[in-house]
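# Close look at the chain arrangement
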Amino acid sequence: MSGPLRTEDADLEPRADAPATPELEITPAREARVGSHRVRRALPRRSRRTVGAWCFLDHMGPATVTEPDGVGIGTHPHIGLQTVTWLLAGELLHRDTLGSEQPIRPGQLNLMTAGHGVAHAEEATPYRGTFQGVQLWVAQPEATRHDAPAFEHHAAIPRVELPRGIATVLVGELAGTHSPARRDTDHIGVDLDLWAGVSTIPLRPDHEHAVVVLDGTVTVAGETVAPGSLAYLGLGRDELDLEASDPVRALLVGGAPFESPVVMWSNFVGRTRDEMVAATDGWNTGADRFGEVDSRLDRIPAPSPPWTA
Ligand code: MN
């Protein structure tokens, strides 16, 4: 019998990047450029492509916005993924090919599902001051990745009071609290705002997890995790102790190991290189699959995949 990888398959034939036992693997972020500003990219890394369905994690800022369009990103395409945008400070204006025009502020969540194809721009607003946020991508499963695009804005996101801090459930479920955000696979994303001391976070042992520190430092099993680093925790944990000597802001991501390996290029997630080439060519030739965005920012061409050079 053939079919997608199941959780019970993982013990027999663990993928190279999804160990079946708890572990701690700390990988430094790579500094990347998005438009005119620097970001710390924690996922994907050469040694770690996915954590559950999470396949991309950029930490933007903190930066001081003094210029018009200081944080804007022009119109660009996506396929096969969801973008999850969460700000700690500042503002952005989302516009997409569905006609969405949605400002986002701290405490709110934007979730765009690309499916077969979508394009969007993230524009600066008149806001001036500190800007900081994260953008994550979730790989879509085979069941939904060819579907029509969609967009959701959530003005409020549920919070869980911990003994020593607040957990905000961006996607999925933690300690019985559920996010309203769409979820095509079994995964979670949680913002952790922790005070000094030890915080114990309940985890599902059938999920793999990782922690990314945004501000401050935490200690996990005696190892210090600095801002930007990805602390990959593996499967099989039912709780996690995070120790901080000062307040810390971090993200917890996790989920059931993804159903298949993914191929990523530029802003596209798929299963084959041919899909990446088709999406690149489609965007650069104005194919209907991506539509038009009503934005004053420039359209950003998709770079050719290196294997086609
Ligand atoms: Mn984007």
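What you are looking at is a predicted structure, and each value in this text was computed from that prediction instead of being measured. (Residues numbered from 1 in each chain as written. Predicted model: local features only at pLDDT ≥ 70, side-chain atom pairs only at ≥ 80, totals over all residues. Heavy atoms only, no water.)

## A look at the overall build of the chain
Helix and strand content of the chain: two helices and 26 strands. What you see for the chain is a C-alpha radius of gyration of 19 Å, in line with the 19 Å of a compact globule of 309 residues. The C-alpha extent of the chain, read off along each of the three principal axes, is 55 × 50 × 35 Å. Taking all 309 residues of the chain together, 52% fall into the buried category. Partitioning the intrachain contacts of the chain with sequence separation of at least 6 by distance along the chain shows that 72% fall at a separation of at least 24. Accessible area of the chain: about 13400 Å², with a carbon and sulfur share of 49%. A distance of 4 Å separates the average location of the 27 positive side-chain charges in the chain from that of its 42 negative side-chain charges. (Helix = DSSP H or I, 4+ residues; strand = E, 2+ residues; numbered from the N terminus. Rg over C-alpha atoms; globule rule 2.2 N^0.38 Å. Buried < 20%, exposed > 50% of the residue type's maximum accessible area, 1.4 Å probe, protein only. Contact = heavy atoms within 4.5 Å. Areas by Shrake-Rupley, 256 points an atom, 1.4 Å probe, with all protein chains shown as cover. Lys, Arg positive; Asp, Glu negative; His and termini not counted. Charge placed at Lys NZ, Arg CZ, Asp CG, Glu CD.)

## Structural notes on the coordination of the manganese ion
Protein coordination of the manganese ion is provided by H76 (NE2), H78 (NE2) and H120 (NE2), with donor distances spanning 2.1 to 2.2 Å. Read from N- to C-terminus, the donor residues coordinating the manganese ion fall into the pattern H-x1-H-x41-H. For H76, a relative accessible area of 6% gives the class buried. Residue H78 is classed as buried on the basis of its relative accessible area, which comes to 1%. (Donors = N, O, S within 2.8 Å, 3.2 Å for Na, K, Ca; no water.)

## What to know about the pairing of strand β23 (residues 239-244)
Because side chains alternate across β23, one face comprises the buried residues L240, L242 and A244, and the other comprises E239, D241 and E243, none of which is buried. Alignment of strand β18 (residues 197-202) against β23, held across six bridges, turns out to be antiparallel. Along β23, the bridge assignment pairs I201 with L240. (Pairing = 2+ DSSP bridges.)

## Quick notes on the environment of V218
Within the secondary structure layout, V218 lies in strand β20 (residues 218-220). Linking V218 and A196, residues 22 residues apart in sequence, is a C-alpha distance of 9.5 Å. In contact with V218, other than residues within four places in its own chain, are V213, E223, T224, V225, L242, E243, A244 and V248.

## Let's talk about the environment of L233
Looking at the secondary structure, you find L233 in strand β22 (residues 230-234). Taking C-alpha positions, L233 is 5.1 Å from E23, a pair spaced 210 residues apart along the chain. Other than its neighbours up to four places away in sequence, L233 contacts P22, E23, L24, H209, A210, V211, V220 and L240.

## Some points on helix α2 (residues 273-284)
The end-to-end C-alpha distance of α2 is 17 Å, a good match for the 16 Å that 12 residues give at a rise of 1.5 Å each. Among the residues of α2, those classed as buried are M276, A279, T280, G282 and W283. One side of α2 holds all its buried residues, which, seen down the axis, span an arc of 165°. Tucked into the core, α2 has its buried residues touching β5 (73-78), β10 (118-123), β25 (263-265) and β26 (268-270). G286, located one to two residues past α2, shows a positive phi value of around 75°. (Expected span 1.5 Å × (residues − 1). Arc of directions from axis to C-beta.)

## Side note on the pattern of salt bridges
Enumeration according to the criterion identifies 15 salt bridges in this entry. When the shortest N-O distance is used, the salt bridge between R271 and E142 registers 3.9 Å. Placement of R271 in the loop between β26 and α2 and of E142 in the loop between β11 (129-139) and β12 (150-154) is noted, with a sequence separation of 129 residues between them. Among the residues examined, R271 registers a relative accessible area of 18% and is labelled buried. Overall, E142 belongs to the partly exposed group, its relative accessible area being 39%. In this structure, R271 and E259 form a salt bridge, with 3.7 Å as the shortest nitrogen-oxygen distance. (Salt bridge = Lys/Arg side-chain N within 4 Å of Asp/Glu carboxyl O.)

## Here we look at the confidence of the model for the chain
Per-chain confidence: the chain averages 90 in pLDDT, with 92% of residues scoring 70 or above. The low-confidence segment residues 1-15, where pLDDT is below 50, has 12 contacts with residues more than four positions distant or belonging to other chains. (pLDDT = per-residue confidence, 0-100.)

## A look at the packing of aromatic side chains
One pair of aromatic rings is described through two measures. These are the centre distance and the angle between the planes. The final tally for this structure, using the stated rule, is four aromatic pairs. Plain terms: the ring middles of W265 and W307 are 6.2 Å apart, the flat faces sit at 70° to each other, and that makes the pair edge-to-face. Separated by 42 residues along the polypeptide, W265 in strand β25 and W307 in the segment after α2 bring together distant segments of the chain. When the ring centre of W283 is taken as origin, the NZ or CZ atom of R299, which lies over that ring, is 3.6 Å away. (Phe/Tyr/Trp six-rings, centres within 6.5 Å; stacked < 30°, edge-to-face > 60°. Lys NZ or Arg CZ within 6 Å of the ring centre and 35° of its normal.)

## A closer look at a negative patch on the surface
On the surface, D238, E239, D241 and E243 cluster together to form a negatively charged patch. Looking at the element boundaries, D238 is found in the loop between β22 and β23. Owing to a relative accessible area of 54%, D238 belongs among the exposed residues under this scheme. (Patch = residues over 30% accessible without salt bridge, like charges linked within 9 Å, V, L, I, M, F, W, Y side chains within 5 Å.)

## Focus: the environment of R273
Looking at the secondary structure, you find R273 in helix α2. Between the C-alpha atoms of R273 and F56, which are 217 residues apart in sequence, the distance is 18 Å. When residues no more than four places from it in sequence are discounted, the contact partners of R273 are V263 and W307.

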